[in-house]
Amino acid sequence: MVVADSGPDGTGQPSPDLVVVGAGVAGLWLALKAARAGLSVALIERGQIGNGASGGFLGALMPHSPERWNGKKEFQFRALVDLEDEVARLEGETGLPCGYRRVGRLLPLPSGRARETALENVAQARANWGARFSFDVAHTPDKHDWPSILWAPHGIVNESLSARLSPPALLAALSTRLAALPNVTVRQELALTGIDHGRRVARLSDGSELAFGHMALANGVDAFGFVAEAYGVPDLILGGPVKGQAALLNAAAPPDSPLVYYDGIYVLVHQNGLVAIGSTSEREFDHPTETDEQLDDLIKRARKLCPLIKEAPVVGRWANVRPRAVGRDPMLGPVPAAPHVLAMAGGFKISFGIAHRMADCLVAGLAGKKGPDVPESFAVESHAAKAAKAKTGP
Ligand SMILES: Cc1cc2nc3c(=O)[nH]c(=O)nc-3n(C[C@H](O)[C@H](O)[C@H](O)COP(=O)(O)OP(=O)(O)OC[C@H]3O[C@@H](n4cnc5c(N)ncnc54)[C@H](O)[C@@H]3O)c2cc1C
């Protein structure tokens, strides 16, 4: 564990053990887990909490498919299992509900081939998820409008591992908890502009400097540039943005409805009966936070998929950019050339399900303890190798 020293930045202020950059779901969980472990933490956010990709309203917690099991799938599975208790603890500490519920998920099967694969996956799910969660293949949905039977000509998968939560409610609970902890400072409207690695000092947008023991880059899409610079190859493209658009509908749907997922569209019912629809996946775009006709199209398709929301009025439209690392997997761990800098980025489409476990890994490392296993593909050097290959070509 790093011990706070007395202000190598010349301010005379004790420097925090850990500076966390970015107050999205990643940075908030990390700040909380580090504070629980007894570290002093400064969390800095260039805008307001939840300004980035975490500020939406989806919160689907869906596992990867159970076949071709690997380290990444195991990491996400463990994280999805644990999140239920993690959220319950946070709710207990704050008295704020996070809208979490393990509602399961329905996947309509459009073809005979999809059905065959699903049937093979029954055994894979049993082997890799264990007996606690089911993965069954049925001939028809239980209800005619969730999803439409027309979209499930070859039956439907019903799995019980998936869950959902409310992103704004989770972020509110995390920030409320952090505000109550004496060893955490949260500073909004303050951006990291540079890092003096020799002095271990963060340069900030108000012209001040902040010395630190370690710094964690949890600042979403903007983390990749800082990580590349710390790695010593500033022009290495370690990741980038993938835009997503989503909608919220007022449908008074039953809150125990399972998620529905089909061909990139997912539909979920929040605890308050509002229905969230996601998401587009756009590599090229001009306006990262604006919605357009691609969302209109998504809404149309979702209404056909789930006739229950056919007439439901749209009450929210939202867009932002997800952080996608070059190796597609999350980026987690110390930067080899600058181990005082930790990467916690690239959660891409699954951050809400794994951020708490990513935080556990970093905090265990800081404390010199054994944490959850981190797949090799998450390491900064693994992403850097892929980025270097992409740069030079095959
Ligand atoms: C439409 C859409 C739907 C999605 N649906 C789901 C879903 O159902 N389930 C799921 O798990 N995931 C989903 N995702 C993905 C998920 O939202 C992201 O993976 C996640 O929010 C990333 O969290 P983060 O904390 O890493 O980054 P962010 O939430 O982007 O947070 C980064 C923060 O860092 C701040 N920042 C940036 N630069 C600096 C700087 N220099 N100094 C200080 N602060 C800085 C930003 O202002 C921002 O607040 C969805 C994303 C989108 C766009």
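Owing to the predicted nature of the structure, the values given are computational and were not obtained by experimental measurement.

Scoring rules and cut-offs
Residues numbered from 1 in each chain as written. Predicted model: local features only at pLDDT ≥ 70, side-chain atom pairs only at ≥ 80, totals over all residues. Heavy atoms only, no water. Core = buried A, V, L, I, M, F, W, Y, C linked by side-chain atoms within 4.5 Å. Buried < 20%, exposed > 50% of the residue type's maximum accessible area, 1.4 Å probe, protein only. Contact = heavy atoms within 4.5 Å. Salt bridge = Lys/Arg side-chain N within 4 Å of Asp/Glu carboxyl O. Helix = DSSP H or I, 4+ residues; strand = E, 2+ residues; numbered from the N terminus. Pairing = 2+ DSSP bridges. Near = heavy atom within 4 Å. Polar contact = N/O pair within 3.5 Å; in protein donor to acceptor, adjacent residues only side chain to side chain. Nonpolar A, V, L, I, M, F, W, Y, C, P; charged D, E, K, R; others polar. Expected span 1.5 Å × (residues − 1). Axes fitted to C-alpha atoms, helices over the stretch in contact; angles between N-to-C directions. Domains from an automatic or database assignment. Left-handed = near helix turned anticlockwise from the far one by under 90°. 1 Å grid on protein atoms, 1.4 Å probe; cavity = no way out; pocket = protein on both sides within 12 Å on 5 of 7 lines; lining within 4 Å. Points joined across faces, edges and corners; volume = space filled by probe spheres on them.

## Re the nonpolar core
Then, number 1: Within the largest apolar cluster, 61 residues are counted, with the highest numbers of intra-cluster contacts made by Trp 29, Leu 30, Leu 170 and Met 344.
Then, number 2: Ignoring any residue separated from it by four or fewer positions in sequence, one finds Trp 29 in contact with Leu 83, Glu 86, Leu 90, Leu 170, Leu 174, Ala 355, His 356 and Ala 359.
Then, number 3: Val 19, Ile 195, Ala 228 and Leu 238 belong to the second-largest nonpolar core, a separate cluster that totals 31 residues.

## Here we look at the pattern of salt bridges
Then, number 1: Enumeration over the complete set of coordinates arrives at 20 salt bridges.
Then, number 2: The partner of Asp 329 in a salt bridge is Lys 72, with the nearest N and O atoms 3.0 Å apart. In this pair, Asp 329 sits in the loop between strand E17 (314-325) and strand E18 (331-335) while Lys 72 sits in helix H2 (residues 71-94), placing the two residues 257 residues apart along the sequence. When sorted by exposure, Asp 329 lands in the same class as Lys 72, which is buried.
Then, number 3: One salt bridge in this structure joins Asp 82 and Arg 357, with 3.5 Å as the shortest N-O distance. In this pair, Asp 82 sits in helix H2 while Arg 357 sits in helix H7 (residues 351-366), placing the two residues 275 residues apart along the sequence.
Then, number 4: Here Arg 357 falls in the buried class, since its relative accessible area comes to 12%.
Then, number 5: It is possible to trace a salt-bridge network through shared partners that takes in Arg 36, Arg 89, Glu 93 and Arg 177.

## With respect to the pairing of E18
Then, number 1: The buried count for E18 comes to four of five residues, which makes it a mostly enclosed element.
Then, number 2: Bridge count between E18 and strand E19 (residues 338-345): five bridges; the pairing is antiparallel. When the bridges of E19 are listed, Pro 334 appears paired with Leu 342.
Then, number 3: Connecting E18 to the next strand, E19, in antiparallel fashion are two residues.

## Regarding the site of the ligand
Then, number 1: Close to the ligand lie 40 residues; Glu 45, Ser 54, Ala 60, Phe 348 and Ser 351 are nearest.
Then, number 2: Residue Phe 352 places a main-chain N or O atom 3.0 Å away from an oxygen atom belonging to the ligand.
Then, number 3: Where the shell around the ligand is concerned, the elements lending two or more residues are helix H1 (25-36), strand E13 (239-250), E17 and H7.
Then, number 4: Ranked by the residues each element gives to the shell around the ligand, the list is headed by E17, at four residues.
Then, number 5: Here the shell around the ligand is composed, by residue class, of 20 nonpolar, 15 polar and five charged.

## Topic: helix H5 (residues 223-231)
Then, number 1: Inspection of H5 places Ala 223, Phe 224, Phe 226, Val 227, Ala 228 and Ala 230 among the buried residues, and these make up the whole buried set.
Then, number 2: Phi for Gly 232, located one or two positions after H5, is positive at around 95°.

## Some points on helix H3 (residues 112-129)
Residues three or four positions apart in an α-helix share a direction because the helix packs 3.6 residues into each turn.
Then, number 1: The end-to-end C-alpha distance of H3, which contains 18 residues, comes to 25 Å, matching closely the 26 Å that a straight helix rising 1.5 Å per residue would cover.
Then, number 2: Looking at the packing, one finds that the buried side of H3 touches H2, strand E5 (135-138) and strand E6 (156-159).

## Regarding the sheet that holds strand E10 (residues 201-204)
Then, number 1: Pairing is antiparallel in the open sheet, where three strands are placed in the order E9-E10-E11. Looking at the sheet topology across the chains shown, the edges are occupied by strand E9 (192-196) and strand E11 (209-211). Geometrically, the sheet is characterised by an average inter-axis angle of 25° between neighbouring strands, direction not taken into account.
Then, number 2: The pairing of E9 with E10 spans four bridges and is antiparallel. Within E10, the position partnered with Gly 194 by the bridge is Arg 203.

## What about the domain arrangement of the protein chain?
Then, number 1: We note that the domain assignment places domain 1 (18-55 + 169-239 + 327-392) and domain 2 (105-160) within the protein chain.
Then, number 2: Computed from C-alpha coordinates alone, the two centres of domain 1 and domain 2 are separated by 37 Å.

## A closer look at the packing of H1 against helix H4 (residues 167-179)
Then, number 1: Axis separation between H1 and H4 bottoms out at 10 Å; the angle between their running directions is 35°. Seen from above, H1 lies across H4 with left-handed handedness. Along the contact surface, H1 presents Val 25, Leu 28, Trp 29, Ala 31 and Leu 32, while H4 presents Leu 170, Leu 171, Leu 174, Ser 175, Arg 177 and Leu 178.
Then, number 2: Broken down by class, the residue content of the contact of H1 with H4 amounts to nine nonpolar, one polar and one charged.

## Examining empty space enclosed by the protein
Then, number 1: Per the counting criterion, the structure on display carries one cavity of 30 Å³ or more.
Then, number 2: Counted as a void, the largest cavity has a volume near 30 Å³.
Then, number 3: As for the largest cavity, its lining consists of Pro 63, His 64, Trp 69, Lys 73, Gln 76, Phe 77, Trp 129 and Leu 161.
Then, number 4: Partitioning the lining of the largest cavity into residue classes produces five nonpolar, two polar and one charged.

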